[in-house]
Amino acid sequence: MNIAYKLIEYYKTREVKVLGSFSIDDTQNIMVIVTEILSWLKLERKREVWLEQGRRTKNKPLELNMNYPWCKDLAKILEEDNSLAEVFCINDNFLDFKSEISKDYIHESRVVADEKYNPQMIIG
Amino acid sequence: MGAGFHGGFGATKGSSKLLKNGYQKSDGRDYTREQLLNFLDGKTAQSSEIADKIRKGNIKLNVLGDELFEKAFGVNHDIVGIAIDNKIYLRRNSASLYSDIVHEGTHAMDFLRGVPFESVSSWDGEIRAYIAEHHFQKASGLAIQFNSEDELKVHVWSNYKKGGKR
């Protein structure tokens with residue numbers, strides 16, 4: 001199953017087992033990690049569409065700030081054995097797909113996030 | 001006082017401009033992000049926690065000019081704040097910017113704590129946000145929008161749908 005489906009499932013249920021086992025137990029940080037990755041994948045899909053339309057842009061990794069606890073937790077999670085660590089890695093404070101992950105898989109991740117991750121606005 | 005929602009103080013007069021590292025409010029003063037957060041520190045437990053969560057990157061604070069705010073969200077001038085998951089969007093020149101952070105920050109805190117969206121966006125969620133804002137206004141010596149929590153609840157019941165959205 002594509003990682004984007006698992007992220008969506010966690011977003012809906014907040015059950016960590018969907019993503020595998022973590023040594024991190026800060027549920028708020030895990031939720032921030034999941035929403036940040038989903039937001040990034042969704043934006044990456046938009047960039048794919050813009051590229052298809054000939055606009056000047058490019059796909060980019062997710063920049064992390066290692067002063068933030070959730071970014072440190074993400075780094076720890078990626079050192080462990082779980083679904084996120086299977087497909088993502090951090091290089092120079094940027095999160096991206098591992099080099100061995102296929103383009104088709106990455107594209108599917110972006111499409112799924114774009115279609116399934118639609119957070120609602122709270123106005124006021 | 002205007003009818004701004006989340007019940008801020010309505011449209012503000014005067015112009016504002018984007019500064020490289022901060023914001024200029026309608027009173028002409030310049031504010032950096034850290035100055036905004038410092039003002040929240042120690043006023044109430046909720047405002048302190050919101051400032052802490054923003055500093056840690058768990059809540060993302062976005063302060064926008066009026067034109068961009070209204071264009072991005074398709075809202076009119078009555079709306080002064082929006083929350084989407086752990087991200088909050090506010091008007092740069094709002095006269096109630098500090099309170100706005102507490103109000104929208106409360107919605108973001110609800111999200112982080114796992115409160116279901118149906119509750120966050122309902123009367124209950126709005127009342128929680130207005131009460132947090134009300135306590136913050138009292139503790140910090142800012143203009144108080146409502147004279148009592150009952151008055152505050154009437155405002156929510158009158159202006160928001162019970163199950164969410166206006």
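Residues numbered from 1 in each chain as written. Chains lettered and ligands numbered in written order. Predicted model: local features only at pLDDT ≥ 70, side-chain atom pairs only at ≥ 80, totals over all residues. Heavy atoms only, no water.

Student: Hey, could you run me through the overall build of chain B in this one?
Tutor: The number of helices and strands found in chain B is seven helices and six strands. Starting at the N terminus, the α and β elements of chain B follow one another as β-β-β-α-α-β-α-β-β-α-α-α-α. A burial count over chain B gives 52% of its 166 residues as buried. Counting only contacts in chain B whose residues sit at least 6 apart along the sequence, the fraction spanning at least 24 positions is 56%. Per element, the accessible surface of chain B, about 7,400 Å² overall, is 50% carbon and sulfur. (Helix = DSSP H or I, 4+ residues; strand = E, 2+ residues; numbered from the N terminus. Buried < 20%, exposed > 50% of the residue type's maximum accessible area, 1.4 Å probe, protein only. Contact = heavy atoms within 4.5 Å. Areas by Shrake-Rupley, 256 points an atom, 1.4 Å probe, with all protein chains shown as cover.)

Student: Before we go on, may I ask you to explain helix α6 (residues 123–140) of chain B in this structure?
Tutor: In an α-helix, one full turn covers 3.6 residues, which means residues spaced three or four apart are oriented alike. Its 18 residues give α6(B) an end-to-end C-alpha distance of 25 Å, which sits within 8% of 26 Å, the value for a rise of 1.5 Å per residue. Contact partners of the buried residues in α6(B): β4 (121–123) of chain A together with α1 (33–40), α2 (45–55), α4 (97–112), α5 (117–120) and α7 (149–159) of chain B. The N-terminus of α6(B) is capped by S122(B), whose side-chain oxygen sits 3.2 Å from the backbone nitrogen of D124(B). At the exit of α6(B) stands G141(B), carrying a positive phi of roughly 75°. (Expected span 1.5 Å × (residues − 1). Polar contact = N/O pair within 3.5 Å; in protein donor to acceptor, adjacent residues only side chain to side chain.)

Student: Looking at this structure, I do not really get the packing of aromatic side chains. What am I missing?
Tutor: Any pair of aromatic rings gets described here by the distance separating the centres and the angle formed by the planes. Considering all chains together, one arrives at 13 aromatic pairs over all chains under this definition. Positioned above the aromatic ring of F111(B), the side-chain terminus of R14(A) is 4.9 Å from the ring centre. Across from the ring centre of F39(B), 4.4 Å away, lies the NZ or CZ of K43(B), which sits over that ring. (Phe/Tyr/Trp six-rings, centres within 6.5 Å; stacked < 30°, edge-to-face > 60°. Lys NZ or Arg CZ within 6 Å of the ring centre and 35° of its normal.)

Student: Sorry, what's going on with the nonpolar core here?
Tutor: Most often, soluble globular proteins keep nonpolar side chains buried together rather than apart. Grouped together as the largest cluster of nonpolar side chains are 57 residues, with contacts concentrated most on L7(A), I37(A), L84(A), F88(A), L95(A) and I101(B). Take this core: its biggest share by element is nine residues, from helix α2 (residues 27–52) of chain A. Beyond its immediate chain neighbours, meaning those up to four positions away, F88(A) contacts I3(A), I37(A), W40(A), L78(A), L95(A), D96(A), F97(A) and K98(A). (Core = buried A, V, L, I, M, F, W, Y, C linked by side-chain atoms within 4.5 Å.)

Student: Please explain the sheet that holds β4(A) as it appears in this structure.
Tutor: The strands that make up a sheet pair up through hydrogen bonds in the backbone, lying either parallel or antiparallel. If you walk across this open sheet you meet the four strands as β4(A)-β5(B)-β6(B)-β4(B), and the pairing is mixed. Each edge of the sheet is formed by a strand with only one pairing partner; in this case those strands are β4 of chain A together with β4 (60–64) of chain B. Going from strand to strand, the sheet's axes swing by 20° on average, the running direction of each strand aside. Both strand β5 (residues 81–84) of chain B and strand β6 (residues 87–91) of chain B contribute to a ladder of four bridges, which runs antiparallel. Following the sheet pairing, I82(B) is matched in β6(B) by Y89(B). (Pairing = 2+ DSSP bridges. Axes fitted to C-alpha atoms, helices over the stretch in contact; angles between N-to-C directions.)

Student: Just checking my understanding: could you explain the sheet that holds strand β1 (residues 62–63) of chain A for this structure?
Tutor: Residue and element names in this part refer to chain A. Within the open sheet, the three strands sit side by side as β1-β3-β2. Their pairing is antiparallel. Of all the strands in the sheet, the pair left with one neighbour each is β1 and β2 (88–91). For β2 and strand β3 (residues 94–97), the ladder comprises four bridges, and the chain directions are antiparallel. Its bridge partner lying in β3, C89 is registered against D96.

Student: Is there a simple way to think about the packing of helix α1 (residues 3–13) of chain A against α2(A) in this case?
Tutor: Helix packing geometry: the angle between the two helix axes and the distance between the axes. All names here are of chain A. For the pair α1 and α2, the least separation of the axes is 10 Å and the interaxial angle reads 135°. In terms of axis orientation, α1 runs oblique to α2. Judged by the twist between their axes, the crossing of α1 over α2 is left-handed. Along its contact with α1, which presents A4, L7, I8, Y10 and Y11, the element α2 presents T27, I30, M31, V34, T35, I37, L38 and L41. Each residue belonging to the contact of α1 with α2 can be placed in one class, and the counts come to 11 nonpolar, two polar and no charged. (Parallel < 35°, antiparallel > 145°, perpendicular 65-115°, else oblique. Left-handed = near helix turned anticlockwise from the far one by under 90°. Nonpolar A, V, L, I, M, F, W, Y, C, P; charged D, E, K, R; others polar.)

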